[in-house]
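Chains, contacts and geometry: an overview
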Amino acid sequence: QVLLVESGGGLVQAGGSLRLSCAASGRTFSSYSMGWFRQFPGKDRESVAVISKTGGSRSYTDSVKGRFTISRDNANNTVYLQMNSLNPEDTATYSCAASRGGGLLPRRPGDYDSWGQGTQVTVSS
C-alpha cells in the first residue's frame, strides 16, 4: 500500500477552477493506476477520473468530460485533477486512490488498495 495525501480543495464560485493534488509515499508509485473519486452526502463514491500507470491512458465519467483533466508525475509521486468550469453539482468530497492490480483503468472503488483522506470541494452558485 501507499500513503496518499490530497490537497487543493476549497471554495470556488461557479465557473471557476481548482487543481487537486495527491502526493504518494514510497518508491512504487508508477506501479499503481490512480483514480479520483468523489462522494456526495449520503451517496456512494463515484469514479471521476482514472489514469494508467504510465499516464498514457485516461478515462472520465461523462459529467466531467471536457472540464476535468487527470495527470500524473511519476518522478514526483503525484497525481493531479485539474477542474475547470466548476458548477454547484461538483460539490463533494474528492479522494484519490491507488490500484495495483485493478487493470489498466479501474473504475470500481473495490479495485483500489489505498485511499487518501479526502478533500472538500465546494462550488457556490
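What you see is a predicted model, and the numbers here were worked out from it, not measured in a lab.

Enumeration over the complete set of coordinates arrives at three aromatic pairs. Note on phenylalanine 37 and tyrosine 112: the rings are 5.1 Å apart at their centroids and 85 degrees apart in plane angle, and the pair reads as edge-to-face. Here the residue phenylalanine 37 occupies a position in strand 4 (residues 33-39), and tyrosine 112 occupies one in the loop between strand 9 (92-99) and strand 10 (114-115), the gap between them amounting to 75 residues. Phenylalanine 37 gets classed as buried once you look at its relative accessible area, which sits at 0%. Put simply, the rings of Phe37, Tyr112 and Trp115 touch in pairs and so form one group of aromatic residues. Between the NZ or CZ atom of arginine 45 and the centre of the ring of tryptophan 115, over which it lies, the distance is 3.8 Å. A cation sits over an aromatic face here: arginine 72 above phenylalanine 29, 4.5 Å from the ring centre.

Attention now moves to the sheet that holds strand 1 (residues 4-7). The antiparallel open sheet is built from four strands, whose spatial order is 1-3-8-7. Whereas interior strands pair on both sides, the edge strands pair on one side only; in this sheet they are strand 1 and strand 7 (68-73). Neighbouring strand axes in the sheet, compared pairwise and without regard to direction, differ in orientation by 15 degrees on average. By the bridge criterion, four bridges tie strand 1 to strand 3 (residues 18-24) in an arrangement that is antiparallel. The residue bridging valine 5 from the neighbouring strand is alanine 23, located in strand 3.

Taken as a whole and judged by the stated rule, the model has five salt bridges. Between arginine 38 and aspartate 90 there is a salt bridge, with its nearest N and O atoms 3.0 Å apart. Of this pair, arginine 38 sits in strand 4 while aspartate 90 sits in the loop between strand 8 (78-83) and strand 9, placing them 52 residues apart in sequence. The pair formed by arginine 38 and aspartate 90 is uniform in burial state, with each residue classed as buried.

Among the nonpolar cores identified, the biggest contains 28 residues, and Met34, Trp36, Leu81, Met83 and Tyr94 are the most heavily contacted of them. Among the secondary structure elements, those contributing two or more residues to this core are strand 3, strand 4, strand 5 (46-51), strand 7, strand 8, strand 9 and strand 11 (119-124).

Parameters and conventions
Residues numbered from 1 in each chain as written. Predicted model: local features only at pLDDT ≥ 70, side-chain atom pairs only at ≥ 80, totals over all residues. Heavy atoms only, no water. Phe/Tyr/Trp six-rings, centres within 6.5 Å; stacked < 30°, edge-to-face > 60°. Helix = DSSP H or I, 4+ residues; strand = E, 2+ residues; numbered from the N terminus. Buried < 20%, exposed > 50% of the residue type's maximum accessible area, 1.4 Å probe, protein only. Lys NZ or Arg CZ within 6 Å of the ring centre and 35° of its normal. Pairing = 2+ DSSP bridges. Axes fitted to C-alpha atoms, helices over the stretch in contact; angles between N-to-C directions. Salt bridge = Lys/Arg side-chain N within 4 Å of Asp/Glu carboxyl O. Core = buried A, V, L, I, M, F, W, Y, C linked by side-chain atoms within 4.5 Å.

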